[in-house]
Amino acid sequence: KKKMDVLDLIKEAFYYPINDYKNWLIIAILFLLNTVLSSYVISEGGAVGIIGSIISLLITIIIAGVTVAVMRNTFNNSNNVPMIDLQINFVDGIKYSIISIVYSVIPVIIALIMGIFTGIYSTIDKILTTVVQSSVATNATPDVIIQAIPQDLLVSFGMNILIIMFVFIILSIIAAILFAIAEARFAETGSILSAFDLKAIFDKISSIGWGNYIVFLISLAIVLIVLGIVSGIIAYIPYIGALISGFVIDSFLVLFIARAIALIYQQGY
């Protein structure tokens, strides 16, 4: 694949669904169905809601598989939006979902472990003990109970929360940076393990150029924010807003993002 600057890459990814609108339309129908299920059916509750939730989950997995198919097509030098293949998309979607969950959970786990070292759990225990003792002893109002908690405990709790949140946010950003390449590696190799080969991921980013890669991610984020605002405005249209947003914007974004990530991935070696 020829070298592209970030602007050209984003532009090509943007026009990717539009240039093959017929296949995009088929995928958009899946999004429309999912929007109908989440907006109207699942909220019904009961057996209907449960069935709707199961169908929605299956559609979400298939859409995840479509993401992989878009990247794979790109690596095979195809400019076409992939046709839906339920079996292949479902299997890929399951694997993709596992990778996504792991990358999402790791920052949470590390942040929770950080809580041990900051002492936040013992602080919470002391605060709860104070609250229980105060409420039992005096049958006091919430305001009085809060005032009974020692100031140093509240300060310690606040500082610990800030530290843990800071660590979590930093780790989440790092995970997002690595995940984009991880999902592309999975699409290229078909192996879940390849998505967790951190050395290979860092080597790929280095070959792309960290500067180029960060500029790409920022550019991608800007497009997502703009389209997110448009989607939010459309969603306010009574009755049909959410349907239009899901049908057009959400389906477009999935194809656009997958294509963009595959293209930046190809800029490395």
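Here is a short report on the structure shown in this document. This one's a predicted model, so the numbers in the text were calculated from it and none came from an experiment.

### A look at the side chain of Asn160
Within the fold, Asn160 resides in helix 7 (residues 151-189). Here Asn160 is in contact with Thr118, Gly119, Ile120 and Thr123, once residues within four sequence places are set aside.

### Brief notes about the pattern of salt bridges
Applying the stated criterion across every chain yields a total of 3 salt bridges. Linking Asp92 and Arg72 is a salt bridge whose minimum nitrogen-to-oxygen distance equals 2.9 Å. Placement of Asp92 in helix 4 (residues 86-118) and of Arg72 in helix 3 (residues 46-75) is noted, with a sequence separation of 20 residues between them. Notably, a salt bridge pairs Asp203 with Lys199, separated by 2.9 Å at the nearest N-O pair. Highlighted residues: Asp203 and Lys199, both in helix 8 (residues 198-208), separated by 4 residues, approximately one helical turn.

### Some remarks on helix 1 (residues 6-19)
Spanning 14 residues, helix 1 covers 20 Å between terminal C-alpha atoms, matching the ideal 20 Å at 1.5 Å per step. Those residues of helix 1 that fall on the buried side of the exposure criterion are Val6, Leu9, Ile10, Ala13, Tyr16 and Pro17. The buried residues of helix 1 all sit within an arc of 105 degrees when viewed along its axis, so they share a single face. For helix 1, the exposed residues lying more than 90 degrees away from the buried face are Leu7, Lys11 and Asn19. Those residues of helix 1 that are buried lie in contact with helix 2 (21-41), helix 3, helix 9 (210-235) and helix 10 (241-266).

### Here we look at a nonpolar patch on the surface
On the surface, Ile101, Val105, Val108, Ile109, Leu112, Ile113, Ile116, Phe117, Tyr121, Ile124 and Leu128 cluster together to form a nonpolar patch covering roughly 1,000 Å² of accessible area. Counting residues per element, the nonpolar patch draws most heavily on helix 4, at 8 residues. Topologically, Val108 is positioned in helix 4. For Val108, a relative accessible area of 35% corresponds to the partly exposed category.

### Let's talk about helix 8
All buried positions along helix 8 are accounted for by Ala200, Ile201, Lys204, Ile205, Ser207 and Ile208. What you see down the axis of helix 8 is that its buried residues fit within an arc of 160 degrees, all on one side. In this structure, the buried residues of helix 8 make contact with helix 4, helix 7, helix 9 and helix 10. Taken from the residues just after helix 8, Gly209 is the one with a positive phi, measuring 105 degrees.

### Some remarks on the environment of Val36
Its location among the elements puts Val36 in helix 2. Of the residues examined, Val36 reaches a relative accessible area of 28% and is grouped as partly exposed. Ignoring any residue separated from it by four or fewer positions in sequence, one finds Val36 in contact with Val41 and Leu243.

### A look at the nonpolar core
Met71, Tyr103, Tyr213, Phe216, Leu255 and Phe256 are the most contacted members of the largest nonpolar core, which totals 58 residues. If you list the elements that add at least two residues to this core, you get helix 1, helix 2, helix 3, helix 4, helix 7, helix 8, helix 9 and helix 10. Of the residues forming this core, the biggest block, 12 residues, is contributed by helix 10.

### Remarks on the environment of Lys3
Checked against the element boundaries, Lys3 lands in the segment before helix 1. Assessed through its relative accessible area of 62%, Lys3 is described here as exposed. Spatially, the C-alpha atoms of Lys3 and Gly268 are 9.1 Å apart, while their sequence positions differ by 265 residues. Contact partners of Lys3, with chain neighbours within four places excluded, come to Gln267 and Gly268.

### Considerations on the packing of aromatic side chains
Using the criterion set out here, one finds 11 aromatic pairs in the structure. Lys204 extends its terminal NZ or CZ atom over the ring of Tyr265, reaching a point 4.1 Å from the ring centre.

### Some details on unusual backbone geometry
A positive phi angle, close to 65 degrees, is found at Asn77, a residue other than glycine. Among the secondary structure elements, Asn77 is positioned in the loop between helix 3 and helix 4. Residue Asn77 is classed as exposed on the basis of its relative accessible area, which comes to 57%. Not every positive phi belongs to a glycine, and Tyr239 is a case in point at roughly 70 degrees. Checked against the element boundaries, Tyr239 lands in the loop between helix 9 and helix 10. Residue classification places Tyr239 among the exposed residues on the basis of a relative accessible area of 76%.

Calculation rules
- Residues numbered from 1 in each chain as written.
- Predicted model: local features only at pLDDT ≥ 70, side-chain atom pairs only at ≥ 80, totals over all residues.
- Heavy atoms only, no water.
- Helix = DSSP H or I, 4+ residues; strand = E, 2+ residues; numbered from the N terminus.
- Contact = heavy atoms within 4.5 Å.
- Salt bridge = Lys/Arg side-chain N within 4 Å of Asp/Glu carboxyl O.
- Expected span 1.5 Å × (residues − 1).
- Buried < 20%, exposed > 50% of the residue type's maximum accessible area, 1.4 Å probe, protein only.
- Arc of directions from axis to C-beta.
- Patch = residues over 30% accessible without salt bridge, like charges linked within 9 Å, V, L, I, M, F, W, Y side chains within 5 Å.
- Areas by Shrake-Rupley, 256 points an atom, 1.4 Å probe, with all protein chains shown as cover.
- Core = buried A, V, L, I, M, F, W, Y, C linked by side-chain atoms within 4.5 Å.
- Phe/Tyr/Trp six-rings, centres within 6.5 Å; stacked < 30°, edge-to-face > 60°.
- Lys NZ or Arg CZ within 6 Å of the ring centre and 35° of its normal.

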